[in-house]
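These are the residues of each chain, in order.
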Amino acid sequence: SAIVLCLISSAQSIRWYNPEQAGFPVVQGQAFQGEEREGFYHRFPLRAKDDIRKAVWNLSRNTAGESICFKTDSKNIRVRYKTLLKKSMPHMPATGVTGVDLYTYDKDGNEVWISPKYAYKDVNTYTYSNIDPLNVKDDFKKYTLFLPLYNEVEWLEIGVEENAQFCFEELPDVKPIVAYGTSICQGACASRPAMAWSNILQRRLRRPVVNLGFSGNCMVESEMIDLIADIDAEIYIIDGMPNLYKLTGMSLQDTLVRAVQRLRIRRPNTPIVLVDHSGYPNAVVTKTAKRNQDYSLKSMDAAYKQLVREGVKELYRLTYEDIGMRAEMFVEGIHMSDYG
């Protein structure tokens with residue numbers, strides 16, 4: 001029938017491109033380029049599997065902080081991809097856990113967000129239709145596709161009009177910022193991938209940010225510090241206090257000091273930023289929250305001052321006051337909304 005012919009014609013009018021077949025590395029924000037991986041989008045190389053805790057390894061399969069850059073003059077763009085984990089969480093929507101996020105630029109270099117239509121099924125789809133941004137230089141535009149924050153991507157394809165130009169962008173030859181942290185670093189609870197703070201930082205600075213956020217599992221153990229030190233970074237951010245306060249045994253101060261000292265052996269001159277606990281909005285009414293928050297802040301203060309006394313250079317601290325979280329910036333008292 002005419003309807004069937006129309007559907008066939010429509011299906012044939014899209015040409016699909018797979019980042020795995022680009023012929024060169026295209027996953028932005030992915031460290032350890034050139035090393036063997038268990039999965040194309042995994043954040044860690046296969047060699048790390050036996051060295052780190054299973055929980056960290058499983059989380060490293062999530063695509064937090066990763067993106068794909070490409071150029072096309074197509075007015076319509078589709079993305080189809082398969083994910084392997086649950087689509088959403090009680091405190092975080094599917095658009096952040098499983099969704100993708102597309103940006104381009106206007107002629108002045110300002111970001112332009114492209115709004116999608118989407119569906120989460122066995123194969124997830126994002127459709128961007130009639131793209132015709134005002135105030136652009138030319139039709140052959142650069143796009144950045146941010147990948148899911150809390151899901152594992154098995155495969156992904158980008159579709160454009162059959163007669164459109166398309167090419168993947170090579171990775172920039174610059175040192176990345178490396179952010180090692182907790183679920184907050186991984187992206188909880190951004191409503192969409194580009195709103196995770198590591199991706200906001202990448203968009204603002206136009207510099208790759210490697211997101212090594214591992215939900216509930218930033219414990220700065222030596223194996224992780226050694227793995228992070230393998231990355232030749234512009235700067236290291238260590239943002240683990242919302243997990244680290246739970247450590248027993250060796251004091252939290254000592255844990256932080258030893259982690260920095262170990263990283264300094266391998267990377268003597270790279271700046272390191274230590275990040276305070278961002279706090280709990282309910283600390284003013286809940287004794288346990290107040291105790292945990294105070295313990296974290298006092299331990300960080302003592303560790304930072306000890307390291308400075310010991311002569312550690314290029315060491316910086318982002319304080320609780322600098323961060324300045326307020327109650328309306330939290331989803332459930334621990335993780336931040338986009339506002340946070």
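From a predicted model like this one, the values you see are computed outputs, not experimental measurements. (Residues numbered from 1 in each chain as written. Predicted model: local features only at pLDDT ≥ 70, side-chain atom pairs only at ≥ 80, totals over all residues. Heavy atoms only, no water.)

S.K.: Which residues make up the pattern of salt bridges, and what values do they have?
M.R.: A complete count under the given rule lists 23 salt bridges for this structure. Between Asp-232 and Lys-175 there is a salt bridge, with the nearest N and O atoms lying 3.5 Å from each other. Of this pair, Asp-232 sits in the loop between α6 (222–229) and β14 (235–239) while Lys-175 sits in the loop between β11 (166–168) and β12 (177–181), placing them 57 residues apart in sequence. A residue is classified by how much of its surface remains accessible, and Asp-232, at 38% relative accessible area, is partly exposed. Judged by relative accessible area, which is 37%, Lys-175 ranks as partly exposed. For Asp-301, the salt bridge identified is with Arg-317, shortest N-O distance 2.7 Å. Taken as a pair, Asp-301 in helix α9 (residues 287–309) and Arg-317 in strand β16 (residues 315–318) lie far apart in primary sequence, 16 residues in all. Here Asp-301 falls in the partly exposed class, since its relative accessible area comes to 25%. Given the relative accessible area of 22%, Arg-317 is considered partly exposed. (Salt bridge = Lys/Arg side-chain N within 4 Å of Asp/Glu carboxyl O. Helix = DSSP H or I, 4+ residues; strand = E, 2+ residues; numbered from the N terminus. Buried < 20%, exposed > 50% of the residue type's maximum accessible area, 1.4 Å probe, protein only.)

S.K.: Which residues make up the sheet that holds strand β1 (residues 14–17), and what are the values?
M.R.: Strand order in this open sheet of five strands is β1-β10-β4-β8-β7, and the pairing throughout is antiparallel. Both edges of this open sheet fall to β1 and β7 (117–119), since each of them pairs with a single strand only. Sheet twist, expressed as the mean angle between neighbouring strand axes with direction ignored, is 20°. Examined bridge by bridge, β7 and strand β8 (residues 124–128) share three bridges and lie antiparallel to one another. When the bridges of β8 are listed, Lys-117 appears paired with Thr-127. (Pairing = 2+ DSSP bridges. Axes fitted to C-alpha atoms, helices over the stretch in contact; angles between N-to-C directions.)

S.K.: Can you break down the pairing of β8 residue by residue, with the values?
M.R.: When a strand is regular, its side chains alternate between the sheet's two faces. Burial along β8 is one-sided: the face carrying Asn-124, Tyr-126 and Tyr-128 is buried and the face carrying Thr-125 and Thr-127 is not. Bridge analysis of strand β4 (residues 77–83) against β8 gives five bridges, and the strand direction is antiparallel. Within the sheet, the bridge partner assigned to Arg-80 lies in β8 and is Thr-125. In sequence, β7 turns back onto β8 through a hairpin of four residues.

S.K.: Explain the layout of surface pockets to me, and be specific about the residues and the numbers.
M.R.: Taken as a whole, the largest pocket encloses approximately 750 Å³ of empty space. As for the largest pocket, its lining consists of 30 residues, of which Trp-197, Leu-318, Ile-323, Met-325 and Gly-340 are closest to the centre. Contributing elements (two or more residues each) for the lining of the largest pocket: α5 (197–205), β14, β15 (272–275) and α10 (320–323). With five residues, α5 is the single largest residue contributor to the lining of the largest pocket. Grouping the amino acids of the lining of the largest pocket by side-chain chemistry returns 19 nonpolar, six polar and five charged. (1 Å grid on protein atoms, 1.4 Å probe; cavity = no way out; pocket = protein on both sides within 12 Å on 5 of 7 lines; lining within 4 Å. Points joined across faces, edges and corners; volume = space filled by probe spheres on them. Nonpolar A, V, L, I, M, F, W, Y, C, P; charged D, E, K, R; others polar.)

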